[in-house]
Every structure is written in C-alpha cells, then in structure tokens.
Amino acid sequence: RGLRHRPEARQLLHSLLRYAGSPAFAPRAELDTKLLEKLFGMDREKATRVMLHIHTQGKGVCGVFTFEIAETKVAQVSEYSQRHQHPLMCTMEEV
C-alpha cells in the first residue's frame, strides 16, 4: 500500500533532502541554507547544521509533517531545485 492510503488520520512523514549525484560543497551551501530557512522555517544556525549534515552524509531530515504537508514540501523543493539547476531533491518517508 502507498503512503497515501494508510488509515491513520494524522500520519507523520519525514521530509528528507538528498543529493542527486555528488554533493559538491561550494557554492551550493548558501543556496541550501536559504532553501532550508525559506521552505522549512529553520533559523540560520539550524539550517547550517542540517545543510552540513546533508553535504557530509548525502541526506538529512528536514522535518516531520502530515502527508499533505510533506507532499507539498517535496513539490516545493523539486520546483526550487529545477529553477536553480540544483541537484537537491526531497523525498518523504514514513516515521
């Protein structure tokens, strides 16, 4: 069964940011930090920590949301990445 068809009313999902390919550090770090601040409501310090984790580990959790919100975050990151020709992508996984 897909994530959408789960019976829980408030199913929670992780929004994960990942790199498609090699996570080259500069000059994308500033763009990643701005994305985390803008789309995930993080302050600069937390966005920087998450960005560094993504750059070193290849992925990182950006938040825990209901299905509908996680789905929106995935779409927003995809649109942002395409607009900026950036290899960042967002997926959602069940908590």
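Quick note: structure is the one above.
Residues numbered from 1 in each chain as written. Predicted model: local features only at pLDDT ≥ 70, side-chain atom pairs only at ≥ 80, totals over all residues. Heavy atoms only, no water.

Draft legend 1. Quick look at the packing of aromatic side chains. Applying the stated criterion across every chain, the model contains one aromatic pair. With 6.2 Å between their ring centres and 40° between their planes, Phe 40 and Phe 65 make a pair best called tilted. Here Phe 40 is found in helix H1 (residues 28-40), whereas its partner Phe 65 is found in strand S2 (residues 59-66), with 25 residues between them in sequence. (Phe/Tyr/Trp six-rings, centres within 6.5 Å; stacked < 30°, edge-to-face > 60°. Helix = DSSP H or I, 4+ residues; strand = E, 2+ residues; numbered from the N terminus.)

Draft legend 2. Seen up close, H1. Its 13 residues give H1 an end-to-end C-alpha distance of 17 Å, which sits within 8% of 18 Å, the value for a rise of 1.5 Å per residue. All of the buried residues in H1 are Ala 29, Leu 31, Asp 32, Thr 33, Leu 35, Leu 36, Leu 39 and Phe 40. Gly 41 occupies a position one or two residues after H1 and carries a positive phi of about 65°. (Expected span 1.5 Å × (residues − 1). Buried < 20%, exposed > 50% of the residue type's maximum accessible area, 1.4 Å probe, protein only.)

Draft legend 3. Here's a closer look at a nonpolar patch on the surface. A cluster of nonpolar side chains, namely Val 61, Val 64 and Val 95, defines an oily patch on the protein surface of about 250 Å² accessible area. Looking at the element boundaries, Val 95 is found in the segment after strand S3 (88-94). (Patch = residues over 30% accessible without salt bridge, like charges linked within 9 Å, V, L, I, M, F, W, Y side chains within 5 Å. Areas by Shrake-Rupley, 256 points an atom, 1.4 Å probe, with all protein chains shown as cover. Salt bridge = Lys/Arg side-chain N within 4 Å of Asp/Glu carboxyl O.)

Draft legend 4. Quick look at the nonpolar core. Core analysis: the biggest nonpolar cluster contains 19 residues, and Leu 17, Leu 35, Leu 36, Phe 40, Met 42, Cys 62 and Val 77 have the highest contact counts within it. Of all elements in the fold, only H1, helix H2 (44-57), S2, helix H3 (67-83) and S3 reach the threshold of two or more residues within this core. Considering each element in turn, this core owes the most residues, six residues, to H1. Beyond its immediate chain neighbours, meaning those up to four positions away, Val 77 contacts Leu 17, Leu 35, Leu 39, Phe 40, Leu 88, Met 89 and Cys 90. (Core = buried A, V, L, I, M, F, W, Y, C linked by side-chain atoms within 4.5 Å. Contact = heavy atoms within 4.5 Å.)

Draft legend 5. The state of the cysteines, seen in detail. For the coordinates displayed, the defined rule picks out zero disulfides. The thiol of Cys 62 is not disulfide-bonded; the next cysteine sulfur, from Cys 90, is found 6.1 Å away. By relative accessible area, which is 7% here, Cys 62 ends up buried. The class of Cys 90 is buried, set by a relative accessible area of 8%. (Disulfide = S-S within 2.5 Å.)

Draft legend 6. Geometry of H3. For H3, spanning 17 residues, the distance from its first C-alpha to its last is 24 Å, which sits close to the expected 24 Å at 1.5 Å a residue. Buried within H3 are the following residues: Phe 67, Ala 70, Lys 73, Val 77, Tyr 80 and Ser 81. Angularly, the buried residues of H3 cover 160° about the axis, an arc narrow enough to put them on a single face. Downstream of H3 by a residue or two, Gln 85 has a phi angle that is positive, lying close to 50°. (Arc of directions from axis to C-beta.)

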